[in-house]
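An overview of the molecular structure
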Amino acid sequence: MPIDGWDHIELYVGNAKQAAYYYERAMGFTPTAYAGPETGVRDRASYVLEQNDIRLVLTSGLRADSEITRFACTHGDGAKDVALEVPDAASAYGEAVQRGARGVAEPHWLEDELGRVELASIATYGDNVHTFVNRSGYEGPYLPGYRSVTTNGQTASGIGLKSIDHVVGNVQLGRMDEWVSFYERTMGFTELIHFSDEAIHTEYSALMSKVMTGGEGKIKFPINEPAEGRRKSQIEEYLEFNEGPGVQHIALAADDIVGTVENLGNRGVRFLVATPGAYYEDARSRVGEIEQDWEEIRRLGILADRDEEGYLLQIFTATAQDRPTLFFEVIERHGSRGFGEGNFKALFEAIEREQALRGNL
Ligand code: FE2
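Residues numbered from 1 in each chain as written. Predicted model: local features only at pLDDT ≥ 70, side-chain atom pairs only at ≥ 80, totals over all residues. Heavy atoms only, no water.

Concerning the overall build of the protein chain
We count it as follows: Helix and strand definitions follow DSSP, with helices as H or I runs of at least four residues and strands as E runs of at least two, each counted in order from the N terminus. Between the two quantities, the radius of gyration covers C-alpha atoms and the globule rule is 2.2 Å times the number of residues to the power 0.38. The rule is simple: take the accessible area with a 1.4 Å probe, protein chains only, and divide by the maximum for that residue type; under 20% is buried, over 50% is exposed, in between is partly exposed. In what follows, a contact means two residues having at least one pair of non-hydrogen atoms within 4.5 Å. Residue exposure ignores everything except the shown protein chains as possible cover, and the areas themselves are Shrake-Rupley values with a 1.4 Å probe.
Helices and strands together make up the secondary structure of the protein chain, namely nine helices and 17 strands. By the compact-globule yardstick of 21 Å for 361 residues, the protein chain fits well, its C-alpha radius of gyration being 20 Å. For the protein chain, the residues scored as buried account for 55% of the 361 residues in total. Contacts spanning at least 24 positions in sequence make up 67% of the contacts within the protein chain whose residues lie at least 6 apart. Just so you have it, the protein chain exposes about 15,300 Å², and 46% of that area is on carbon and sulfur atoms.

Rendered as structure tokens:
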């Protein structure tokens with residue numbers, strides 16, 4: 001299936017106005033478009049924010065009987081739609097549905113004086129959807145019906161978050177392979193890497209993960225399921241509080257992770273419990289030479305990993321809302337196309353320290 005790249009990620013939230021303020025002030029996004037009662041939309045308010053190639057849409061429902069309100073009530077604030085840019089939404093939809101995907105919105109065009117956009121959506125795990133977006137014939141800020149909110153039509157430069165790297169889904173125990181084959185069958189994705197539960201195992205809990213990739217490598221969807229451990233898996237904690245499967249984390253690529261992470265911290269973004277000093281003694285010998293200053297990496301709690309192709313630097317935020325569900329990752333790749341396998345143990349131990357603080361371990 002031809003996919004040109006990520007189009008946007010839409011989060012359904014309890015209060016989009018306040019969430020937008022967080023993504024603007026804390027995460028460095030620029031508000032670019034808006035739709036709501038003031039623009040003739042009666043049932044929702046949607047705020048579009050952008051930073052370089054990343055587009056987030058924050059939507060809340062305005063009535064109790066809204067599907068958006070119900071989603072936010074059931075799952076908490078979280079990702080609803082991981083939307084993909086395609087050359088032809090009708091054919092992407094037709095292909096996926098013919099191969100067993102459930103259609104959610106049939107192909108349709110939205111139009112205004114700036115052109116037209118073709119949309120179609122299919123269901124994936126949990127209450128999540130993938131919308132196929134063909135915006136090749138559109139000049140407006142986001143979609144017809146949205147009002148531009150930038151003064152000069154340009155977004156501010158942001159704080160160095162450049163693009164979406166990968167989006168991770170958590171599914172129930174025993175269901176990972178089903179979703180792997182869903183992406184293979186319906187969207188022509190292939191499996192990139194397989195981590196066994198041996199690889200991602202801490203003293204208490206474990207997970208299994210497979211990475212599906214499509215769009216000639218531009219789209220990467222790791223899918224996790226819990227594995228048996230001595231205590232409750234962090235994936236189980238997610239599934240419990242999210243009331244089912246959903247998006248666990250959104251990884252955003254940076255090209256100056258030190259500057260970006262420092263900036264995020266100054267703006268109030270909280271990262272996972274500090275990485276232990278012992279991690280860096282091990283990491284320096286495991287990863288070897290890097291362009292960055294190890295002291296800076298250590299001071300900011302950034303994790304490092306290396307494989308045959310190169311190295312990567314990454315860090316994970318604390319969860320972005322009260323429920324222990326969605327969080328973000330900042331990643332900078334120097335050749336490595338992995339996901340920080342060497343960091344999984346260190347990372348999961350850090351996550352579990354936070355899980356223990358919540359009394360859920
Ligand atoms: Fe990740």
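Right, picking up where we left off after that structure.
Let's talk about the coordination of the iron ion
Put simply, a metal with four donors set out as a tetrahedron has ideal angles of 109.5 degrees, and one with six donors set out as an octahedron has ideal angles of 90 or 180 degrees. For the record, the criterion: Distances up to 2.8 Å from the metal define which N, O and S atoms are donors, and 3.2 Å serves for Na, K and Ca; water is absent from the atom set, so sites may look incomplete.
On the protein side, the iron ion has His166 (NE2), His249 (NE2) and Glu329 (OE) as donor atoms, found 2.0 to 2.2 Å from it. Donor residues binding the iron ion come from one chain and are separated in sequence as H-x82-H-x79-E. Of the two residues, His166 sits in strand β10 (residues 161–170) while His249 sits in strand β14 (residues 246–254), which places them 83 residues apart along the sequence. Just as His166 is buried, His249 falls in that class too.

Focus on the pattern of salt bridges
In plain terms, the rule: One speaks of a salt bridge when a side-chain nitrogen belonging to Lys or Arg is within 4 Å of a carboxyl oxygen belonging to Asp or Glu.
Using the criterion set out here, one finds 17 salt bridges in the structure. One salt bridge in this structure joins Arg135 and Asp7, with 2.7 Å as the shortest N-O distance. A residue pair is termed long-range when its members are at least 10 positions apart, and Arg135 in the loop between β8 (129–134) and β9 (147–148) and Asp7 in strand β1 (residues 5–12) qualify at 128 residues. According to the relative accessible area criterion, Arg135 is buried, its value standing at 12%.

Here we look at the sheet that holds strand β2 (residues 30–35)
Our working definition: By the convention used here, strands pair only if DSSP detects at least 2 bridges between them.
Strand order in the open sheet made by the nine strands is β6-β7-β8-β5-β1-β4-β3-β2-β9, with mixed pairing throughout. A strand with exactly one partner marks an edge of an open sheet, and here the two such strands are β6 (103–112) and β9. Of the pairings in the sheet, the one linking β2 to β9 comprises two bridges and is antiparallel in character. Among the inter-strand pairings, Tyr34 is bridged to a residue of β9, identified as Arg147.

Observations regarding the side chain of Thr260
When you line up the elements, Thr260 lands in helix α6 (residues 257–266). For Thr260, a relative accessible area of 2% gives the class buried. Not counting residues up to four positions away in its chain, the partners in contact with Thr260 are Ile159, Gly160, Leu161, Ala254 and Val330.

A short note on unusual backbone geometry
In this structure, Asn52 is a non-glycine residue whose phi angle is positive, near 50°. Mapped onto the fold, Asn52 is located in the loop between β3 (44–51) and β4 (54–61). Despite not being glycine, Glu216 shows a phi value in the positive range, around 50°. With respect to the helices, strands and loops of the structure, Glu216 is situated in the loop between β12 (206–214) and β13 (219–227). For Glu216, a relative accessible area of 78% puts it in the exposed group.

Some points on the packing of aromatic side chains
Keep this limit in mind: Stacked, edge-to-face and tilted labels apply to pairs of Phe, Tyr and Trp rings (six-membered ring for Trp) whose centres lie within 6.5 Å, assigned for plane angles under 30 degrees, over 60, and everything in between, in that order.
In this structure the tally under the stated criterion is 13 aromatic pairs. Note on Tyr183 and Phe189: the rings are 5.7 Å apart at their centroids and 35° apart in plane angle, and the pair reads as tilted. Tyr183 sits in the buried class, given a relative accessible area of 0%. Looking at Phe189, the relative accessible area reads 2%, which means it is buried. Taken together, Trp6, Tyr125, Trp179, Phe182, Tyr183, Phe189 and Phe221 form an aromatic cluster joined through their ring pairs.

Some points on helix α2 (residues 67–75)
The following threshold applies: In this context, the arc is that of the directions from the helix axis out to the C-beta atoms. In protein, a polar contact means a hydrogen-donor-capable atom and an acceptor-capable atom, both N or O and within 3.5 Å, with residues adjacent in sequence counting only if both atoms are side-chain atoms; elsewhere, any N or O pair within 3.5 Å suffices.
Within α2, burial applies to Ile68, Phe71, Ala72 and His75. Along the long axis of α2, the arc covered by the buried residues comes to 95°, so they all point the same way. In this structure, the buried side of α2 is in contact with β1, β3, β4, β5 (78–85) and α5 (234–241). The residue sitting at the N-terminus of α2 and contributing the capping side-chain oxygen is Ser66; that oxygen lies 2.9 Å from the backbone nitrogen of Ile68. In the segment just after α2, Gly76 is the residue with positive phi, at about 80°.

Considerations on the layout of surface pockets
Spelled out, the test is: Buriedness for pockets is judged along seven lines, at least five of which must meet protein on both sides within 12 Å for an open set on the 1 Å grid over protein atoms alone, while cavities are sets there where a 1.4 Å probe fits but cannot get out, and lining residues have an atom within 4 Å of a point. Grid points are joined across faces, edges and corners, and a volume is the space filled by probe spheres set on the points. The nonpolar class holds Ala, Val, Leu, Ile, Met, Phe, Trp, Tyr, Cys and Pro. Asp, Glu, Lys and Arg form the charged class, and all remaining residues, Gly among them, are polar.
Its volume calculated, the largest pocket comes out at about 520 Å³. Around the largest pocket, the lining is made up of 24 residues, and of these Glu10, Arg44, Asp81, Leu119 and Thr131 lie nearest the centre. Elements with a minimum of two residues in the lining of the largest pocket: β1, β3, β5, β6, β7 (115–123) and β8. Take the lining of the largest pocket: its biggest share by element is four residues, from β6. Residues that form the lining of the largest pocket fall into these classes: 13 nonpolar, six polar and five charged. The volume enclosed by the second largest pocket comes to roughly 270 Å³. Residue lining of the second largest pocket: 18 residues in total, with Tyr22, Tyr23, Asp77, Ala320 and Gln321 positioned closest to the centre.

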